[in-house]
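Observations on chain architecture
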Amino acid sequence: MKTLNVGMIGYKFMGKTHSNAWRQVDKFFPVAAKPRLHTICGRNKTAVQAAAKKFGWDHAATRWQDVVNNPEIDIIDINTANDTHAEIAIAAAKAGKHVLCEKPLALNVAQAWAMVEAVKKAGVVNMVCHNYRRIPAIAQARKMIAAGDLGRIFHYRARYLQDWIVDPEFPLVWRLQSKIAGSGTHGDINAHIIDLGRYLVGELSEVCGYMETFIKQRPLPGSKTKKGKVTVDDAVITLGKFKNGAMANLEASRFAPGRKNHIQIEINGSKGSLVFDFEDMNRLKYFNRADPADRQGYRDIIVTDSTHPYVGAWWPGGHIIGYEHTFVHTIFDFIQAVVKGKSVQPTFVDGLQNQIVLEAIEKSSKQRRWVKVA
Ligand code: SOE
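Residues numbered from 1 in each chain as written. Predicted model: local features only at pLDDT ≥ 70, side-chain atom pairs only at ≥ 80, totals over all residues. Heavy atoms only, no water.

**Structural notes on the pattern of salt bridges**
- One pass over the structure, following the stated rule, counts 20 salt bridges.
- The closest approach of N and O atoms between aspartate 58 and arginine 36, which form a salt bridge, is 2.7 Å. Taken as a pair, aspartate 58 in the loop between α2 (45–55) and β3 (59–61) and arginine 36 in strand β2 (residues 34–41) lie far apart in primary sequence, 22 residues in all.
- The class of aspartate 58 is partly exposed, set by a relative accessible area of 46%.
- Residue arginine 283 is joined to aspartate 300 by a salt bridge in which the shortest nitrogen-to-oxygen separation is 2.6 Å. Of this pair, arginine 283 sits in strand β15 (residues 283–288) while aspartate 300 sits in strand β16 (residues 299–302); the two residues are 17 residues apart in sequence, bridging distant segments of the chain.
- For arginine 283, a relative accessible area of 25% corresponds to the partly exposed category.
- Aspartate 300 gets classed as partly exposed once you look at its relative accessible area, which sits at 37%. (Salt bridge = Lys/Arg side-chain N within 4 Å of Asp/Glu carboxyl O. Helix = DSSP H or I, 4+ residues; strand = E, 2+ residues; numbered from the N terminus. Buried < 20%, exposed > 50% of the residue type's maximum accessible area, 1.4 Å probe, protein only.)

**A word on the packing of helix α8 (residues 185–200) against helix α10 (residues 348–367)**
- Between α8 and α10, the least distance of the axes is 10 Å, while the angle of their chain directions is 115°. Judged by the sense of rotation from one axis to the other, the crossing of α8 with α10 is right-handed. Contacts between α8 and α10 involve His186, Gly187, Asn190, Ala191, Ile194, Asp195 and Arg198 on the former and, on the latter, Asp350, Gln353, Asn354, Val357, Leu358, Ile361 and Glu362.
- When its residues are assigned to classes, the contact of α8 with α10 shows five nonpolar, five polar and four charged. (Axes fitted to C-alpha atoms, helices over the stretch in contact; angles between N-to-C directions. Left-handed = near helix turned anticlockwise from the far one by under 90°. Contact = heavy atoms within 4.5 Å. Nonpolar A, V, L, I, M, F, W, Y, C, P; charged D, E, K, R; others polar.)

**What about the packing of aromatic side chains?**
- Taken as a whole, this structure holds 16 aromatic pairs when the rule is applied.
- Ring centres of phenylalanine 29 and tryptophan 314 lie 5.7 Å apart, and the angle between their planes is 80°; on these two criteria the pair is classed as edge-to-face. In this pair, phenylalanine 29 sits in the loop between α1 (13–28) and β2 while tryptophan 314 sits in the loop between β16 and α9 (323–340), placing the two residues 285 residues apart along the sequence. Pair check on accessibility: phenylalanine 29 and tryptophan 314 agree, each one buried.
- Here tyrosine 132 and tyrosine 323 contribute two aromatic rings whose centre-to-centre distance is 6.3 Å and whose plane-to-plane angle is 40°, an arrangement assigned as tilted. One end of the pair, tyrosine 132, is in the loop between β6 (126–129) and α6 (136–146); the other, tyrosine 323, is in helix α9, with 191 residues separating them in the sequence.
- With relative accessibility at 4%, the residue tyrosine 132 sits in the buried group.
- By the ring-pair criterion, three or more aromatic residues cluster together here, those being Phe13, Tyr132, Tyr160, Phe278, Tyr323 and Phe327. (Phe/Tyr/Trp six-rings, centres within 6.5 Å; stacked < 30°, edge-to-face > 60°.)

**Considering the domain arrangement of the chain**
- One can read the domain layout of the chain as domain 1 (2–132 + 344–348) and domain 2 (135–319 + 354–367).
- Just the C-alpha atoms count here: the centres of domain 1 and domain 2 sit 25 Å apart.
- Together, the buried faces of domain 1 and domain 2 total about 2,000 Å²; carbon and sulfur atoms form 61% of this surface.
- If you look at where domain 1 meets domain 2, you find one salt bridge.
- A salt bridge links lysine 103 to aspartate 188, with the nearest nitrogen and oxygen atoms 2.9 Å apart.
- Going through the elements one at a time, α1 and α5 (109–122) are the ones with two or more residues in the side of domain 1 that touches domain 2.
- Residue composition of the side of domain 1 that touches domain 2, grouped by class: twelve nonpolar, six polar and two charged. (Domains from an automatic or database assignment. Buried area = accessible area lost by both parts, 1.4 Å probe.)

Here it is in structure tokens:
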């Protein structure tokens, strides 16, 4: 079987999830090529060497340029801070590598465009890691919506809540600096529920956003006395209109005490509804208006059957899976696309469209008015 050599840039939280996925994928899925964990890259030599040992990479590097230009490497997997995505992805595409990139694709629309142009010109496979698309219950929801089971869609209601920066003494890490992150909660987690809205319901045509920064100054990392300005949003609420006429209602916040990684979605259509809760991610709730009147109610689809998307590759039916599996599913689809030379969703064009929606919401919030999504 053919081997695909992988170079991974960035080794912190997402690097961990991706390393685990690259290592596990061929043990469970019928991959068309076997990935080899060739090189992991990070700026701190000791830390990246430790990460290589811990996660099973053959080599450790400290300069991403060396990985991107290594002729042995076929795939570049980008898990760095947002301000470096564009530069690395464009260089990787120029070097003929297939590229998997963490979300948000870029700092802004202009960068995302340049990335799309680079991968198109190079003809390389490109994908944004919106891993929640590959939760079996979400993929099942998409299948049901596409089959018309919900009829005409009226509402897409989604919230993504976390609480890790509620403490005003939490330091000014890179995710709270617009130069490095682009935006805050917006690009980090609102981007996920925007992506799921596009995946499940369709394209947005207009948005009205309201963004807030609750804590304006925070301690500089490592300092007890010096503070710096927070230059991103802490929370964002969005109303939106889909091209197909459905209404969107989104909320994303890092200021919801008790909510660690809380994602809830409800979709209502003329024939029924679907409800998903990430904290119970193997279940999809389905209400079918066609059920006999005396038996109507939400039914639970436990999405662990071999007939459901992805999940049959793991355990016998009924044995649940978790967060880490979503990355394995993503990487499986990516490998298959690379071997077959096909496109795999969400592509960089999806990442660009997501960025266009993010910017329209920001503009709307600043100008306090509805804005069309270009
Ligand atoms: C931090 O908010 C984070 O790790 C995001 O960057 C991920 O995309 C999200 O899925 C979990 O939380």
